[in-house]
Amino acid sequence: MKIILAFVTLVGLSAAAPLVPTARLVALERVDDHTPPAPTVDPAKCPQCINLMIGALDAFVNAIGNGGILGGCSQLCGYVPLQSEYYVCQALCDAVGIEELIRVLNSTDPDPIYACEEIKVCPISDTAAAKITDVVVDPITAPFGATFWVNMSFTILNTTGTAIVQIWTIPPHSDGKSDISETGFLVETPPGDYRVSFEYATKGDSSQFWPGVYNSTLFLCEGYCASAGIHKHQYMLDQRQNVLFTITKAEE
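Rules of the game
Position labels on residues start from 1 in each chain and follow its written sequence. It should be noted that, the model being predicted, local features are given only for residues of pLDDT at least 70 and side-chain atom pairs only at 80 or more, the latter also being counted only at that level, while totals for whole chains, interfaces and linings use all residues. Side-chain calculation: all heavy atoms of the structure are included, whereas hydrogens and water are not. Strands here mean DSSP runs of E at least two residues long; helices mean DSSP runs of H or I at least four residues long; both are numbered from the N terminus. Per-residue accessibility, obtained with a 1.4 Å probe over protein chains only, is compared with the maximum for each type, and a residue is labelled buried under 20%, exposed over 50%, and partly exposed between these values. By the convention used here, residues are in contact when the closest approach between their heavy atoms is within 4.5 Å. Note that a disulfide, as used here, is simply two cysteine sulfur atoms within 2.5 Å. Here a pair means two rings of Phe, Tyr or Trp (six-membered ring of Trp) with centres within 6.5 Å. Their orientation is stacked below 30 degrees between planes, edge-to-face above 60, and tilted elsewhere. For helices, the axis comes from a line fit to the C-alpha atoms of the stretch in contact; other axes are also lines fit to C-alpha atoms, and the angle between any two N-to-C directions lies between 0 and 180 degrees. Each angle is binned into one of four classes, with values under 35 degrees roughly parallel, values over 145 roughly antiparallel, values of 65 to 115 roughly perpendicular, and all other values oblique. Whenever a nitrogen or oxygen atom comes within 3.5 Å of another N or O atom, the pair is scored as a polar contact, on the condition that within protein one atom can donate a hydrogen and the other can accept it, and that pairs from neighbouring residues in sequence are kept only if both atoms are in side chains. Bending is quantified residue by residue as the angle between axes fitted to the seven-residue window ending at that residue and the seven-residue window starting at it. A side-chain nitrogen of Lys or Arg and a carboxyl oxygen of Asp or Glu constitute a salt bridge if their distance falls within 4 Å. Two strands pair if DSSP finds at least two bridges between them.

Draft legend 1. Region of the structure containing the overall build of the chain. Across its full length, the chain carries five helices and 10 strands. Classification of the 252 residues of the chain by burial places 48% in the buried group. The long-range fraction of contacts in the chain, counting pairs at least 24 apart against all pairs at least 6 apart in sequence, stands at 75%.

Draft legend 2. Quick look at the state of the cysteines. The final tally for this structure, using the stated rule, is five disulfides. Here Cys49 connects covalently by a disulfide to Cys116, the sulfurs 2.0 Å from one another. For the disulfide bridge between Cys49 and Cys116, the dihedral angle about the S-S bond is near -95°, and by the sign convention the bridge is left-handed. Residue Cys49 is located in helix 1 (residues 45-65), and its partner Cys116 is located in helix 5 (residues 112-118); the two are separated by 67 residues in the primary sequence. Residue classification places Cys116 among the buried residues on the basis of a relative accessible area of 0%. For Cys77, the disulfide goes to Cys89, at an S-S distance of 2.1 Å. Because the torsion about its S-S bond is -85°, the bridge between Cys77 and Cys89 counts as left-handed. Of this pair, Cys77 sits in helix 2 (residues 72-77) while Cys89 sits in helix 3 (residues 86-96); the two residues are 12 residues apart in sequence, bridging distant segments of the chain. Bonded cysteines in the chain are paired 1-8, 2-7, 3-6, 4-5, 9-10 when counted in the order they occur along the chain.

Draft legend 3. Main features of helix 3. Those residues of helix 3 lying buried are Cys89, Gln90, Leu92 and Cys93. Buried residues along helix 3 sit in contact with helix 1, helix 2 and helix 4 (98-105). Count one or two residues on from helix 3 and you reach Gly97, which has phi positive near 105°.

Draft legend 4. Molecular detail of the packing of aromatic side chains. Considering all chains together, one arrives at seven aromatic pairs under this definition. Ring centres of Phe209 and Tyr214 lie 5.7 Å apart, and the angle between their planes is 50°; on these two criteria the pair is classed as tilted. Taken individually, Phe209 and Tyr214 each receive the classification buried, so the pair is uniform in this respect.

Draft legend 5. Representation of the packing of helix 1 against helix 4 within the structure. Contact pair helix 1 / helix 4: the axes reach a minimum separation of 10 Å and the direction vectors enclose 95°. Classified by the angle between their axes, helix 1 and helix 4 sit roughly perpendicular to one another. Residues Met53, Leu57, Phe60, Val61 and Ile64 of helix 1 form the contact with helix 4, whose participating residues are Leu101, Ile102 and Leu105.

Draft legend 6. Quick look at the side chain of Thr155. You can see Thr155 is positioned in strand 5 (residues 147-158). Within the structure, the side chain of Thr155 is placed 2.8 Å from the side chain of Asp193, a separation counted as a polar contact. Leaving out residues up to four positions away in the same chain, Thr155 has contacts with Ala129, Ala130, Lys131, Thr133, Gly192 and Asp193.

Draft legend 7. Main features of helix 1. Maximal helix bending in helix 1 amounts to about 60°, located at Ala56. Where the residues of helix 1 are buried, they touch helix 2, helix 3, helix 4, helix 5, strand 6 (162-170) and strand 7 (180-187). In the segment just after helix 1, Gly67 is the residue with positive phi, at about 125°.

Draft legend 8. Region of the structure containing the pattern of salt bridges. Taken as a whole, this structure holds four salt bridges when the rule is applied. By sharing partners, the salt bridges in this structure join Glu100, Arg103 and Glu118 into a single network.

Draft legend 9. How the structure looks around the sheet that holds strand 4 (residues 141-143). In spatial order, the strands read 4-10-9-6-7; together these five strands make up an open sheet with mixed pairing. Pairing within the sheet leaves two strands with one partner each, and these edge strands are strand 4 and strand 7. Neighbouring strand axes in the sheet, compared pairwise and without regard to direction, differ in orientation by 25° on average. Where helix 1 meets the sheet, it contacts strand 6 and strand 7, and its direction lies at approximately 150° from that of strand 7.

Below, the structure written as structure tokens:
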């Protein structure tokens, strides 16, 4: 039996801006038989919290630093950039309490996952363990216009808290601003064998890919990979470097 896992793309982790090449997380699935354990947190609220913090964390921190939040949850949530997330913010703030939310936002260098873990919306694990078992690139070399796939198999050895799977790709002649990043996350993911697929579609008028070698690194982390060693409960699980594919010039 193959179980399809829900995943959420953390767009705030992407290094890609408009008109630069992008990757797309297409599928994240479990490939062995299993019985899902009962979750310890609401599986819907954790991704809602993270996506809220991705869009509003900087605004929240700046508002608190520039005079504080005297109007409670309504004032804080007024800084949410998307109106559709205002009600998510209000419900979260009401449940957690404005004082606790401000305490977490005032901590050193908070990131979205850390913030949501500290207010106990997302689960924490200090014993998560995982290993990348295989990476397949298909095709390895193809002309511009082809679609490339990076498929990673991995094994969860100990149940995760709030873990992420991420690919970071450096295009040829990179200046750092056009690096490609795509991320999904695994909340309370139990031991088992999994597979994730990333798509690079180089065809179309909006494509900003160009010929050359693209060098990717794949990560499995508990929490943000960039915060590993900075915040408690956030650490590297495994990584695979020098995953390459090559785009050649399109045939005339």
